[in-house]
Amino acid sequence: MHFDTLALRATHQPDPTTGAVIPPIYLSTTFARDEANELPADFMYTRPNNPTREALEKALAALEGGAVAMAFGSGQAATMTLFQALRPGDHVLLSADSYYGTPALLEQVFHPWGLTYTRVDMSDLDAVQQSIHENTRVVWCETPSNPMLSITDLLTVSRLAHEAGAICVCDNTWATPALQRPFDFNCDVVMHSTTKYLSGHSDVLGGALIFKHDNAFAQRVRMLQGLSGAVPSPFDCWLISRGIKTLGVRIRAQTATAQAIADFLDGHPAVEQVHYPGLANHPDRALIHQQMNAPGAMLSVQVKGEAAEALRFIGKLKLFTRATSLGGVESLIEHRASVEGPNSATPQNLLRISIGLEHAEDLIADLAQALR
Ligand SMILES: *Cc1c(COP(=O)(O)O)cnc(C)c1O
């Protein structure tokens, strides 16, 4: 089945009692027992499980080709719950270029609690191998990475993880299952910030963990999800399920525009470098072909100059909204180093762009006037 069909089928759950094509949102926090004290379905209380959340989780598992999925109240809540499932003394290997919140959780929350972690350039496979220790439980990849759009070889990194008895987790937020399916490259867990492309409209916060196998580790995460309750509301789950229906067509249109914009920026006299997996000069071309079926709608551009030039450029834009986040239908641009703060390793002249659904010609005209 093609992805577009899969996304529709996975989220198409008509209500059997009323025939409603779009199922209701089950706001109820609690579920009644019958005369024999039995629950009519598997639902008892909404923290551990809710029909609207379960519908989203089944859809997420289907999209990624996993056995089970768990939805959370944010991407960070998903990441946090996965780390909570580890034990003091365990080690996590994390890519050097990643969403800044992932190492922030490790540093601020889990390091004091007893996890150790190392950050490594995941494109340097020797360094990856040397950084995996006896107590390494998780190798955490993010590809394409944030904000440099570098690509991790998932097949090789997951093999290195498995050889050491660790699991390989892939943050698939930027690619989405429409472009990249990490389980095909032997990853064990896929993480998403469903806040981004899956919901697609910048109006709901959410996260997910999808497991290739429903094993003891997955069940431990399920237990933590229900016990600690970092879960999305039924309405949030419903919005994310609705967003998934149009993911395929959105990402296709957004990718086509991103390619046109990357081509325009690449070689522009005011531009130092463009980072985009769809450019012929991307260092990981072979891997991109192997792993992704399209380059996606995120790009970063380094303008000539420093922070001042970068900020002056985005100050002149009229069609791009100056805001953090990504994956919505409106184009966003941000000075990433400002968002990440004083310890950021991101170049000061770098701007991260999330391409939306505006027409490519209008966006290019706006960029052209602002770069003039
Ligand atoms: C946004 C994002 C996160 C964090 O997700 P939230 O929903 O904001 O908590 C994690 N990873 C990546 C790649 C992201 O873009």
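What counts, and at which threshold
- Residues numbered from 1 in each chain as written.
- Predicted model: local features only at pLDDT ≥ 70, side-chain atom pairs only at ≥ 80, totals over all residues.
- Heavy atoms only, no water.
- Buried < 20%, exposed > 50% of the residue type's maximum accessible area, 1.4 Å probe, protein only.
- Helix = DSSP H or I, 4+ residues; strand = E, 2+ residues; numbered from the N terminus.
- Pairing = 2+ DSSP bridges.
- Near = heavy atom within 4 Å.
- Polar contact = N/O pair within 3.5 Å; in protein donor to acceptor, adjacent residues only side chain to side chain.
- Nonpolar A, V, L, I, M, F, W, Y, C, P; charged D, E, K, R; others polar.
- Contact = heavy atoms within 4.5 Å.
- Expected span 1.5 Å × (residues − 1).
- Axes fitted to C-alpha atoms, helices over the stretch in contact; angles between N-to-C directions.
- Right-handed = clockwise from strand over helix to strand, strands pointing away.
- Salt bridge = Lys/Arg side-chain N within 4 Å of Asp/Glu carboxyl O.

Draft legend 1. Spatial organisation of the pairing of strand β12 (residues 350–354). With respect to burial, β12 is a largely interior element, 5 of its 5 residues being buried. Here β12 shows no split at all, with L350, R352 and S354 on one side and L351 and I353 on the other all buried. Relative to β12, strand β9 (residues 298–303) runs antiparallel, the two sharing 5 bridges. Considered in β12, the bridge of S300 is made with R352. Here strand β11 (residues 332–335) pairs with β12 via 4 bridges, running antiparallel. Bridged to I333 within β12 is I353.

Draft legend 2. Spatial organisation of the site of the ligand. The ligand sits among 14 residues. The nearest are Q76, D171, S193, T195 and K196. Between the ligand and Q76, the relevant distance is 2.8 Å, taken from an oxygen atom to a main-chain nitrogen or oxygen of the residue. One of the side-chain N or O atoms of D171 is found 2.7 Å from a nitrogen atom in the ligand. Broken down by secondary-structure element, the contributors of at least two residues to the shell around the ligand are α3 (75–84) and β6 (189–193). The residue makeup of the shell around the ligand, split by class, is 4 nonpolar, 7 polar and 3 charged.

Draft legend 3. Layout of the environment of T346. When you line up the elements, T346 lands in the loop between α12 (336–340) and β12. For the pair T346 and S228, spaced 118 residues apart in sequence, the C-alpha separation works out to 34 Å. The residues touching T346, leaving out its near neighbours within four places in the chain, are P147, R336, A337 and E340. A distance of 2.7 Å separates polar atoms of two side chains, one belonging to T346 and the other to E340.

Draft legend 4. Spatial organisation of helix α7 (residues 216–228). Look at α7: 18 Å from first C-alpha to last across 13 residues, which is about the 18 Å you get at 1.5 Å a residue. What α7 keeps buried is the set F217, A218, V221, L224, Q225 and G226. The elements touched by buried residues of α7 are α2 (51–64), β1 (68–72), α3, β4 (136–142), β5 (167–171) and β7 (207–211). Directly after α7, the chain includes G229, whose backbone phi takes a positive value near 75°.

Draft legend 5. Main features of the sheet that holds β6. Spatial ordering of the open sheet is given by β1-β7-β6-β5-β4-β2-β3, a layout of 7 strands whose pairing is mixed. Both outer strands of the open sheet, β1 and β3 (116–120), are each paired with one neighbouring strand and no more. If you compare each strand with its neighbour and ignore which way they point, the axes differ by 20° on average. Across the sheet, α2 lies against β1, β6 and β7, angled at about 125° from β1, the strand it touches most.

Draft legend 6. Examining the environment of A260 more closely. Considering the arrangement of structural elements, one finds A260 in helix α9 (residues 247–265). A260 sits 104 residues away from I364 along the chain, and the two C-alpha atoms are 8.2 Å apart. Among residues more than four places away in sequence, those in contact with A260 are A360 and I364.

Draft legend 7. Main features of the sheet that holds β12. The 5 strands lie next to each other as β8-β9-β12-β11-β10, forming an open sheet whose pairing is mixed. Sheet topology places β8 (271–275) and β10 (321–322) at the edges, where each strand pairs with a single neighbour. The sheet strands contacting α9 are β8, β9 and β12, and the helix crosses β9 at an angle near 15°.

Draft legend 8. Here's a closer look at the pairing of β5. Burial analysis of β5 places 5 of its 5 residues in the buried class, which makes it a mostly covered element. Bridge analysis of β4 against β5 gives 5 bridges, and the strand direction is parallel. Within β5, the residue paired with C141 across the bridge is C170. Each parallel crossover has a hand, and for β4 linked through helix α6 (residues 154–163) to β5 it is right-handed. Alignment of β5 against β6, held across 3 bridges, turns out to be parallel. Paired with C170 across the two strands is V190, which belongs to β6.

Draft legend 9. Seen up close, the pattern of salt bridges. Following the criterion strictly, the structure yields 9 salt bridges and no others. Across the pair R252 and D4 runs a salt bridge whose closest N-O atoms are separated by 2.8 Å. Taken as a pair, R252 in helix α9 and D4 in helix α1 (residues 3–10) lie far apart in primary sequence, 248 residues in all. Here E340 ties to R336 by a salt bridge, and the two come within 3.0 Å at their closest N and O atoms. Linking E340 with R336, this pair stays in helix α12, spanning 4 residues, or about one helical turn. For E340, a relative accessible area of 18% translates into the label buried. We classify R336 as buried; its relative accessible area is 2%. Through salt bridges with shared partners, one network takes in E334, R336, E340 and R352.

Draft legend 10. Here's a closer look at the side chain of T46. Checked against the element boundaries, T46 lands in the loop between α1 and α2. Here T46 falls in the buried class, since its relative accessible area comes to 13%. Looking at T46, its side chain comes within polar contact range of the side chain of N50, at 3.0 Å. Among all residues touching T46, those that are not within four sequence positions of it are S28, T29, F31 and R53.

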